[in-house]
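Reading the structure
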Amino acid sequence: MILPGATLGMLGGGQLGRMFTTAAQTLGYKVVVLDPDTNSPAGIIADQHICAKYDDSAALEQLAQLCDAITTEFENIPATTLAYLETKTVVHPSSSALAKTQNRNVEKQFIASLDIPTVPFSPIHTEADIIDAESKIQFPAILKVATFGYDGKGQIVCQSLQEVFQAFESLGKVECVLEQRIDLEREISVVLARNVSGQITNFPVAENVHINGILHSTTVPSSVSVLLAQSAMEMADKIAEGLDYVGTMAVECFISTTGDVIVNEIAPRPHNSGHFTLNACVTSQFEQQVRMLCDLPSGNCDLTSPVVMINLLGDVWGNSQPHWDTLLAHPNIKLHLYGKKEARPGRKMGHFNVLADDTEHAMKIANQAFVELKAD
Ligand code: ATP
Ligand code: MG
């Protein structure tokens, strides 16, 4: 066990790294963040910020020297960086787990290898692959870049083979995956944590609404049946075991209109849809991440209140600050802001959690608060 007082390393300085840092510091750890941005949300609150690129060998050497254990908040940290750090200190999740989640084709092949359903997909490296995909994928389909996509970026909906050729061209002919677009009944996610001995703790299944490919709201408890939630949790646990994963991770699932659970993607880190745990669970996903990294006992994942989480994108800012006073006048709303200076449209700036006696009530308050919040 790595006990409080020790120093933990975080690769990546975004909001997930920031909330990890807060959780770690609350437990009495020191945190060193490595991120190339001088103003990163986590870097500005960490005990130390190493401002360098993720493949800067001198910076990695310094991080390894300073830290008793290192984790990440960002799946696009080069797997070679983690592999290097693994030779020097404790690193979770492993470079090999991360490598399986960095490329959509590799990830979907891995999920399928566990006999877990994914959307019908076809890897696209060249134009010839597009022709081959025709027999496997029905339209409408979505062409997605295989690496570095997030928040729906690098995705183009295609209605025909002709449109796939055009989309491939406009994405710069980088490696892509062509996915069938599924008719969605709902979207859910499972956030879980797995420790060094392989024991898994599951947070309650979350129900998610995306707008323009970006998460808008999460509601817990979800409205899906116990059986369906159970089945999603079993798939997520199997994926964690298959990756020999250590840490907090999430599995995003589609529920099709035919009632099937289909795994969309894996996040090898805490997840936006797990932010409800900050105010509505005994242990947050970030505290659990600290506990897993340090091989401490797992925290209790039980829900303490029905909750709705609403994301705050830069769009809410307009020309001035949102009306925080109005939002905070709701006694059961908990606000979390990430300390980002510039509010750009589509940029995740913060979120709030609404606690209420039931999810309908929480959603009603959340919708009202969201409308009132918008800057003029
Ligand atoms: P993030 O990393 O923020 O989750 P991402 O860029 O990895 O986003 P995806 O999870 O692939 O994006 O897609 C974002 C959203 O777009 C999904 O949550 C879903 O609402 C919709 N979507 C993506 N792929 C499909 C599909 N094959 N069928 C139906 N809807 C889809
Ligand atoms: Mg996603």
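Residues numbered from 1 in each chain as written. Chains lettered and ligands numbered in written order. Predicted model: local features only at pLDDT ≥ 70, side-chain atom pairs only at ≥ 80, totals over all residues. Heavy atoms only, no water.

**Things to note about helix H3 (residues 79-86)**
Residues of H3 that are buried: Ala 79, Thr 81, Leu 82 and Leu 85. Projected onto a plane normal to the axis of H3, the buried residues spread over an arc of 155 degrees and lie on a single side. Buried residues belonging to H3 abut strand S1 (7-11), helix H2 (57-66), strand S4 (69-72), strand S5 (90-91) and helix H4 (95-99). (Buried < 20%, exposed > 50% of the residue type's maximum accessible area, 1.4 Å probe, protein only. Helix = DSSP H or I, 4+ residues; strand = E, 2+ residues; numbered from the N terminus. Arc of directions from axis to C-beta. Contact = heavy atoms within 4.5 Å.)

**Side note on the coordination of the magnesium ion (ligand 2)**
Distances from the magnesium ion (ligand 2) to its protein donors, Glu 252 (OE), Glu 252 (OE) and Glu 265 (OE), fall within 2.0 to 2.7 Å. In this pair, Glu 252 is assigned in strand S14 (residues 247-256) and Glu 265 in strand S15 (residues 261-267), connecting sequence segments 13 residues apart. Glu 252 sits in the buried class, given a relative accessible area of 12%. On the accessibility criterion, Glu 265 (22% relative accessible area) is partly exposed. (Donors = N, O, S within 2.8 Å, 3.2 Å for Na, K, Ca; no water.)

**Section: the sheet that holds S5**
Read from one edge to the other, the open sheet built from five strands follows the order S3-S2-S1-S4-S5, with strand pairing classed as parallel. Two strands in the sheet have a free side with no partner beyond their single neighbour: strand S3 (48-50) and S5. Packed on one face of the sheet, H2 meets S1, strand S2 (30-34), S3 and S4 and runs near 155 degrees to S3. (Pairing = 2+ DSSP bridges. Axes fitted to C-alpha atoms, helices over the stretch in contact; angles between N-to-C directions.)

**With respect to the site of ligand 1**
In the vicinity of ligand 1 there are 21 residues, among which Lys 144, Gly 152, Glu 187, Glu 252 and Glu 265 approach most closely. Within the side chain of Asp 151, one N or O atom sits 3.0 Å away from an oxygen atom of ligand 1. Residue Gly 152 places a main-chain N or O atom 2.8 Å away from an oxygen atom belonging to ligand 1. Taken by itself ligand 1 offers 620 Å² of open surface, and the protein chains cover 90% of this. At the level of secondary structure, the elements contributing two or more residues to the shell around ligand 1 comprise strand S7 (141-145), strand S9 (176-180), strand S10 (184-194), S14 and S15. Grouping the constituent residues of the shell around ligand 1 by class yields six nonpolar, seven polar and eight charged. When residues are assigned to domains, the shell around ligand 1 turns out to be shared by domain 2 (120-180) and domain 3 (184-373), each giving three or more. (Near = heavy atom within 4 Å. Polar contact = N/O pair within 3.5 Å; in protein donor to acceptor, adjacent residues only side chain to side chain. Areas by Shrake-Rupley, 256 points an atom, 1.4 Å probe, with all protein chains shown as cover. Nonpolar A, V, L, I, M, F, W, Y, C, P; charged D, E, K, R; others polar. Domains from an automatic or database assignment.)

**Points about the pairing of S1**
Of all the five residues making up S1, five are buried; the element is thus mostly covered by neighbouring parts of the structure. Note that S1 and S2 share five bridges and pair parallel. From the neighbouring strand, Thr 7 faces S2, where its bridge partner is Lys 30. Bridge count for S1 against S4 is four bridges, and the pairing is parallel.

**What to know about the packing of aromatic side chains**
A full pass over the atoms with the stated rule returns two aromatic pairs. Seen in terms of ring centroids, Tyr 54 and Phe 74 are 6.1 Å apart; in terms of plane orientation they differ by 50 degrees. Their pairing is tilted. With Tyr 54 in the loop between S3 and H2 and Phe 74 in the loop between S4 and H3, the pair connects residues that are 20 residues apart, well separated along the chain. A residue is classified by how much of its surface remains accessible, and Tyr 54, at 14% relative accessible area, is buried. Of the residues examined, Phe 74 reaches a relative accessible area of 30% and is grouped as partly exposed. Measuring from ring centre to ring centre gives 5.5 Å for Trp 317 and Trp 324, while their planes differ by 70 degrees; the resulting arrangement is edge-to-face. Grouping residues by exposure puts Trp 317 and Trp 324 together as buried. (Phe/Tyr/Trp six-rings, centres within 6.5 Å; stacked < 30°, edge-to-face > 60°.)

**Description of the side chain of Thr 81**
Tracing the sequence through the fold places Thr 81 in helix H3. The exposure class assigned to Thr 81 is buried, which follows from its relative accessible area of 2%. Within polar-contact distance, the side chain of Thr 81 engages the backbone oxygen of Tyr 54 at 2.6 Å. Filtering out sequence-adjacent residues up to four positions away, Thr 81 remains in contact with Leu 11, Tyr 54, Asp 55 and Leu 60.

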